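Summary of the model geometry
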Amino acid sequence: MKRLILHGTLVNEANKFDGSVIVEDSKITKIVEGNTVPNASFDEVIDASGCFVLPGVIDDHVHFREPGLTDKADIDSESRAAAAGGVTTYFDMPNCVPQTTTLEALDEKFELAAQKSHVNYSFFFGATNDNGDLFSQLDMHRIPGIKLFMGSSTGNMLVDRREALEKIFSTATMPIMVHCEDTDIINRNMAEAKRLYGDDPKVIHHPEIRNVEACYQSTKLAVELAQKHHARLHIAHLTTAKELELITNTHSSFITCEVTPSHLYFCDRDYVSLGTRIKCNPAIKSVADRDALRQAVADGRIAVVGTDHAPHLLKQKEGGCCTAASGMPMLQFSLVTMLELVDKGVLTLERLVELMCHRPADLFQVRNRGYLREGYQADIVIVRPNTGWTVTKDVIQSRCGWSPMENHTFLWRVERTLCNGHTVYKDGIVDTNYIGQPVAFR
């Protein structure tokens, strides 16, 4: 199949220009600048007039819940959400059931994705207190890295022994993505919150329990270990202005960080209206923290935007700080949320593409994805501005069936998503017959 995408505005590698993209089978074969229509025959012509043509989004941080937690979500449903949101590649996390902490469990997830994933995929391997000996057996061309929970979170995968942490940072030869929250600080804060507010404090107290200091102390330890062992550290979902001091002061290309659209968009004031729908770990924090994160995505201190997409059923989100599940589904609406921040002047469209497409590919050394380049896989998303639409339940692809963005009106719309040259999403419909590819690295 030979396809032509024409009359769009291409955004790629810090440039924005009118042009066309020629796709043959699964790859981009030519980028044409200007409005001249290529003199050739095509099996399909896609008119992108009035639209922006971007590389497909690479989300480095999702929880698709399969295997074992498929009442909330599974690879089929969440990869549909990815396609509908312009996400053509995802890296899934290991805190499922069984946890992805053995080679056999890792192989099982790849087998499931090969049958069910409608976009491209790979999986992090989970670190535990005692599985460091398996790291040497991991195929660095097959997975993006190792996920380490240096703090309590969903899935009970806490690594808290100093000896184990030293071994992980000293032996890992691929990126270590770390969830940083200090469990002892959180436990003390929770005890005090219960004393003050009762056995299940309201969600407005969540950022007091999982507070700035809990994040900072854990991130500080991770940075120290990475510097000591010259490990490649990627800090997941940064949430505080104070943590940014650590990133600024490292002056090192081997320590990078991610922020989520949720922590860039929401702040603690939103608990009043959205309640536990925005309860996540680490917590949504203050306006000042949110604004510091926004500045950091604009000036380059933050390298990547990833969703930490974490679906739960709404009944599992009931209660307060102790009983309501932490995590929210944001994958389908991550790109349009970030485009809204472009409209607000938080960052440029070119910078958005760097954060969501280029840099994830660079940091994890993804082969032939993340850019509009000749010879690269044709992972492409076409988005249209100035097209108001409202998030309603009927458009939500995630199995959990809700979103913190429900009833919100966006002015950007994902028109079409191409994955390996194939239109996997168009006009509100996901092609569920299409199966994506495993991602290759390094």
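Throughout this description, residue numbers start from 1 for each chain and increase along the sequence as written. Only residues with pLDDT of at least 70 get local features here, since the model is predicted, and only at 80 or more are side-chain atom pairs given and counted; chain-wide, interface and lining totals rely on the full set of residues. Remark: hydrogens and water are excluded; side-chain values derive from all non-hydrogen atoms of the structure.

1. A short note on the overall build of the protein chain
For helices the rule is a DSSP run of H or I covering at least 4 residues; for strands it is a run of E covering at least 2, with both sets numbered from the N terminus onward. When helices and strands are tallied, the protein chain shows 12 helices and 20 strands. Expressed along its principal axes, the backbone C-alpha trace of the protein chain runs to roughly 70 × 50 × 40 Å. We call a residue buried when its accessible area falls under 20% of the maximum for its residue type, exposed when it is over 50%, and partly exposed in between, using a 1.4 Å probe and counting protein chains only. Buried positions account for 63% of the 442 residues belonging to the protein chain. What makes two residues a contact is simply this: any of their non-hydrogen atoms within 4.5 Å. Sequence separation of at least 24 residues holds for 73% of the intrachain contacts in the protein chain that already meet a minimum separation of 6. Here the accessible surface of atoms and residues is derived via Shrake-Rupley with a 1.4 Å probe, and residues count as covered only by protein chains that are part of the display. Here the protein chain has roughly 16200 Å² of accessible surface; of this, 46% comes from carbon and sulfur atoms. The distance from the centre of the 46 positive side-chain charges to the centre of the 57 negative ones in the protein chain is 2 Å. Positive charges are assigned to Lys and Arg, negative charges to Asp and Glu, while His and the chain termini are left out of the count. By convention, charge coordinates are those of NZ in Lys, CZ in Arg, CG in Asp, or CD in Glu.

2. Regarding the nonpolar core
Grouped together as the largest cluster of nonpolar side chains are 101 residues, with contacts concentrated most on L148, F169 and L335. Apart from the residues lying within four places of it in its own chain, the contact partners of F169 are L148, M150, I176, V178, A222, L225, A226, H229, A231 and L233. For our purposes a nonpolar core is just a set of buried Ala, Val, Leu, Ile, Met, Phe, Trp, Tyr and Cys residues, chained together by side-chain atoms within 4.5 Å. By size, the runner-up hydrophobic cluster in this structure holds 16 residues, among which are I5, I46, V53 and I380.

3. With respect to the packing of aromatic side chains
Ring pairs shown here join Phe, Tyr and Trp side chains whose ring centres sit within 6.5 Å, with only the six-membered ring taken for Trp; geometry is labelled stacked below 30 degrees between planes, edge-to-face above 60, and tilted in between. Overall, the coordinates contain 15 aromatic pairs when judged by the stated rule. Our definition puts a charge over a ring when NZ of Lys or CZ of Arg is within 6 Å of the ring centre and also within 35 degrees of the ring normal. The side chain of R142 reaches across the aromatic face of F110, ending 3.9 Å from its centre. Geometry around Y371 places R373 over its ring, the cationic atom sitting 3.8 Å from the centre.

4. Re the sheet that holds strand β6 (residues 57-62)
With parallel pairing, the 3 strands of this open sheet are ordered in space as β6-β7-β8. Strands at the two margins of the open sheet, each flanked by one partner only, are β6 and β8 (120-123). Strand after strand, the sheet turns through a mean of 20° between neighbouring axes, direction not considered. When DSSP finds two or more bridges between two strands, those strands count as paired. Looking at chain direction, strand β7 (residues 87-92) and β8 are connected through 4 bridges and run parallel. Each bridged residue has a counterpart across the sheet, and for F91 the counterpart in β8 is S122. Axis lines are fitted to C-alpha atoms, over the contacting stretch for helices. Their N-to-C directions set the angle, which ranges from 0 to 180 degrees. Set on the sheet, helix α2 (residues 103-116) makes contact with β7 and β8; between it and β8 the angle comes to about 170°.

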